[in-house]
Amino acid sequence: MSFLLPKLTSKKEVDQVIKSTAEKVLVLRFGRDEDPVCLQLDDILSKTSSDLSKMAAIYLVDVDQTPVYTHYFDISYIPSTVFFFNGQHMKVDYGSPDHTKFVGSFKTKQDFIDLIEVIYRGAMRGKLIVQSPIDPKNIPKYDLLYQDI
């Protein structure tokens, strides 16, 4: 289903989308098109994109073609989903040490829709970090890897 969503293939394209997306949550899915978990997430993203079109813009970013952002967001597991609002990186407290991105696939479409609604409402009120509405048992658990420390 990843063919239904727009792809960003360079740092310049990612920069442009971050700068130009206004009054919507920008969803950037970092991953690879052939990865099975990425395909599962892409299916959820593509099925919800029309329902969320007034609230969110969803793009796929290939980790191999945008190493600057892959390194900047410390993407060591794919898929990783990062959120922006009016050019500002939005953080979400998922009950884990990393608030900068969602790692893995959402369990249900409704989990993703609820998260976008919370980010959107929080961002409209000027918040830069919001509390995740997703049930903690639906959030994948990963150990953080600290490399080169």
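Residues numbered from 1 in each chain as written. Predicted model: local features only at pLDDT ≥ 70, side-chain atom pairs only at ≥ 80, totals over all residues. Heavy atoms only, no water.

**Let's talk about the overall build of the protein chain**
Looking only at helices and strands, the protein chain features four helices and seven strands. Listing each helix as α and each strand as β along the protein chain from the N terminus yields β-α-β-α-β-α-β-β-β-α-β. For 149 residues, the compact-globule formula gives about 15 Å, and the C-alpha radius of gyration of the protein chain, at 14 Å, lands near that figure. With the principal axes as the frame, the protein chain shows a C-alpha extent of 35 × 30 × 25 Å. Here the protein chain holds 149 residues, and the buried ones make up 44% of them. (Helix = DSSP H or I, 4+ residues; strand = E, 2+ residues; numbered from the N terminus. Rg over C-alpha atoms; globule rule 2.2 N^0.38 Å. Buried < 20%, exposed > 50% of the residue type's maximum accessible area, 1.4 Å probe, protein only.)

**Section: the pattern of salt bridges**
Applying the stated rule across the entire model yields seven salt bridges. When the shortest N-O distance is used, the salt bridge between Arg29 and Asp33 registers 3.6 Å. Judged by its relative accessible area of 28%, Asp33 is partly exposed. A salt bridge links Arg32 to Asp64; its shortest N-O distance comes to 2.8 Å. In this pair, Arg32 sits in the loop between β2 (25-31) and α2 (36-49) while Asp64 sits in the loop between β3 (56-62) and α3 (67-72), placing the two residues 32 residues apart along the sequence. You can call Asp64 partly exposed: its relative accessible area is 49%. (Salt bridge = Lys/Arg side-chain N within 4 Å of Asp/Glu carboxyl O.)

**Some remarks on the nonpolar core**
Side chains of a nonpolar character, in soluble globular proteins, are inclined to be buried together. Counting residues in each nonpolar core, the largest one holds 27 residues, and the members touching the most others are Phe83, Phe106 and Phe112. Among the elements of the structure, β2, α2, β3, β4 (80-85), β5 (88-93) and α4 (109-124) are those that each provide at least two residues to this core. A per-element tally of this core places α4 first, with seven residues. Setting aside residues no more than four positions away along its own chain, Phe106 makes contact with Gln40, Leu41, Ile44, Thr81, Phe83, Phe112, Leu115 and Ile134. Counting residues in hydrophobic clusters, the runner-up holds 16 residues, among them Val14, Ala57, Val63 and Tyr69. (Core = buried A, V, L, I, M, F, W, Y, C linked by side-chain atoms within 4.5 Å. Contact = heavy atoms within 4.5 Å.)

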